[in-house]
Structures are given as structure tokens and as C-alpha cells.
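# Reading the structure
Here are the chains, one letter per residue:
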Amino acid sequence: MSERSDRLSVFKTYKLYVGGKFPRSESGRVYEVTDSKGKWLANAPQSSRKDARDAVVAARKAFGGWSGATAYNRGQILYRVAEMLEGRRDQFVREVAEAEGLSKSKAAAVVDAAVDRWVWYAGWTDKIAQIVGGANPVAGPFFNLSTPEPTGVVTVLAPQESSFLGLVSVLAPVIAAGNTAVVVASAESPLPALSLGEVLATSDLPGGVVNILSGRTAEIAAPLASHQDVNGIDLTGADAELAKELEIAAADNLKRVSRPQAVDGDGDWSTDPGTRRLTAFLETKTVWHPTGALGASGSSY
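Here the structure is a predicted model, which means the values were calculated and not measured.

### Quick notes on the overall build of the protein chain
If you tally the helices and strands in the protein chain, you get ten helices and twelve strands. By the compact-globule yardstick of 19 Å for 301 residues, the protein chain fits well, its C-alpha radius of gyration being 21 Å. For the protein chain, the residues scored as buried account for 47% of the 301 residues in total. Summarising the internal contacts of the protein chain: among those between residues at least 6 apart in sequence, 74% fall at separations of at least 24. For the protein chain, the exposed surface amounts to about 14,700 Å²; the carbon and sulfur share of it is 53%.

Following this line, the structure appears as C-alpha cells:
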């Protein structure tokens, strides 16, 4: 029996990912997304300032539970993201190839690297404290312990050129460290990021831990940089002029700001990611605890 040729095409409706749900843009606006040759791929939601504020509310609500989870549990969930992404590999290979104008083999290599990056950061969740924390020697009868804690709600401006591997490389370390994230996807190539939201929704990741917005980067980033309930911002996806404006706005409530650094391989997302991005949005808490003297010898515990 021959395959029917009179079926209607079923186009995918791309939506935002906010608070574990898939809303359309509050304004109802969309914009056309095309491939590298100008061929229409889909209409993507064009986020508004209200969408950005809603994403921050969702991220703040999720922060307590996510930051309070054990590091081991966060690692399990990040590994689950890699599992689910591996199961949808063909879809992402197609979307990355269309978004970035890559051959199928090169797009497959990008997707495989993105899966591996989730596994990489999953393994670091319960080890980073051993690298940046520890006991400090002090002159006096005290224990002095330093431990890393997540900064809070972090805005992540995803790379413009690397719509998927670059996105994963800036997002995964933020949530691996216990932060929650509001992601602004690549303006020209948002579809892989929006599809990632579908993976995260089925990966045991609590709703609100990651929120994904698409649209004009400058329009969405401006209210996020000045938002008083955002604690940090990663400026990777901003050009030099926009980055300067956002950095000034972020200073109003002393946000922690991360800017791209070529020396660390930013821009070449295939390199070893190291630990810089894991520590970019960590705070160090130091606790002093008195010790007690035992016996006439003056020994202490």
C-alpha cells in the first residue's frame, strides 16, 4: 500500500518554558525563524517584559527547593537530562543543523558534545565543594570552615552563534551549582533552546529551576539586568555595547556579573569547560565554631 501524499503538514508550535509550563508569549507576539539560507522554519514566541518578570518569579519560587536539594540529587537530575536528550538525538541533530547551517554529521557531533556536557556537570555537583571549600587554619581555639553556596536567581544570555552546545555550556553549570536560571535564547536560532525546555520538563527537574525565553535579546535582558530579585547575570550572548549597558544596570543591586573570557575558551564550546563557570555564581560562607580545651595538657578537639 502506497503512503498517502495528501496529508496536511503538521507544524510544530514552539512555546516558552516558564515555571515548568509552556505558555505563549504574554503579548501574543511571534517572529519568523529562518535557516542559514533564509528558508522559514517556524514562528518563535517573542517574549515581553512581563514574560521576563514571570520567569523571575518562577525561578525565585523554585530556588529554595533546588538549592536545598543534596548535591548528589542534583547530579542525578542533570544526568537524567542527558538520558532524555540522548533519546531525542535525531530531533536535535535536525534542529541544530537547520539553525546553524551545519551538515548532519557536524550537527550530530555538536549534539553529542552537548549530551556529554550534561554528564560532565552532573559529575561535578557533589565535588565542587571539595575544590572551593574547606577548613581554614586560624590562630585561636576555633574551627573555621568555608563552604560554597549558590548565588540565587541567575539570568543567562545564551551564545548567539552556538544555539545548543553553547547554550548547554552556560546553563548547566549555573543549575549544577544550585542556582535557578532565566535563559534568554539565541535571538536568531532559538528553536533548539525551546526544544530543550521539552526535555527539561520530562527530566525530573523541578518546574521553575530553568526558564527559557526567546525574542530580542536586548529587549528581554534589560528588565532582567535591573530586576531587584535577580542575583546574577551571565553576559555571554550580549555584544560589547549591550553588555556594558547591562553591567551598569546590574550594579544597582550588586548582581554578580560574568562576562565572556577568551582565555577560558568562551566561543570555542568544544574545549574542556573547566570549573570557572561552576564557581562564577557561587558565594562562600565561612563559619567560626569555638573549640573546647580538654584536660590539663590543653589539647583541644
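Here the narrative resumes.
### So, the side chain of glutamine 91
Here glutamine 91 lies in helix α3 (residues 89–100). What makes glutamine 91 buried here is its relative accessible area of 15%. A distance of 2.9 Å separates the side chain of glutamine 91 from the side chain of arginine 88, its partner in a polar contact. In contact with glutamine 91, other than residues within four places in its own chain, are Lys12, Ser195 and Glu198.

### Side note on the sheet that holds strand β5 (residues 153–157)
Ordered by their spatial adjacency, five strands build an open sheet running β7-β6-β5-β8-β9, and the pairing between neighbours is parallel. Across the chains shown, the open sheet's two edge strands, defined by having one partner strand only, are β7 (210–213) and β9 (256–258). Taking each pair of neighbouring strands and ignoring which way they run, the sheet shows an average axis angle of 15°. Bridge count between β5 and strand β6 (residues 180–184): five bridges; the pairing is parallel. Bridge pairing in β6 links valine 154 to alanine 181. Across the sheet, helix α1 (residues 49–68) is in contact with β5, β6 and β7; its angle to β6 comes to roughly 155°.

### Focus on the pattern of salt bridges
Within this structure, the stated rule accounts for 13 salt bridges. Residue arginine 89 is joined to aspartate 112 by a salt bridge in which the shortest nitrogen-to-oxygen separation is 2.7 Å. With arginine 89 in helix α3 and aspartate 112 in helix α4 (residues 104–124), this residue pair connects regions lying 23 residues apart in the sequence. Residue arginine 89 is classed as partly exposed on the basis of its relative accessible area, which comes to 25%. According to the relative accessible area criterion, aspartate 112 is partly exposed, its value standing at 27%. For lysine 127, the salt bridge identified is with aspartate 126, shortest N-O distance 3.1 Å. Classification of lysine 127 as partly exposed rests on a relative accessible area of 40%. Connected through shared salt-bridge partners, Lys12, Arg88 and Glu198 make up one network.

Cut-offs applied
Residues numbered from 1 in each chain as written. Predicted model: local features only at pLDDT ≥ 70, side-chain atom pairs only at ≥ 80, totals over all residues. Heavy atoms only, no water. Helix = DSSP H or I, 4+ residues; strand = E, 2+ residues; numbered from the N terminus. Rg over C-alpha atoms; globule rule 2.2 N^0.38 Å. Buried < 20%, exposed > 50% of the residue type's maximum accessible area, 1.4 Å probe, protein only. Contact = heavy atoms within 4.5 Å. Areas by Shrake-Rupley, 256 points an atom, 1.4 Å probe, with all protein chains shown as cover. Polar contact = N/O pair within 3.5 Å; in protein donor to acceptor, adjacent residues only side chain to side chain. Pairing = 2+ DSSP bridges. Axes fitted to C-alpha atoms, helices over the stretch in contact; angles between N-to-C directions. Salt bridge = Lys/Arg side-chain N within 4 Å of Asp/Glu carboxyl O.

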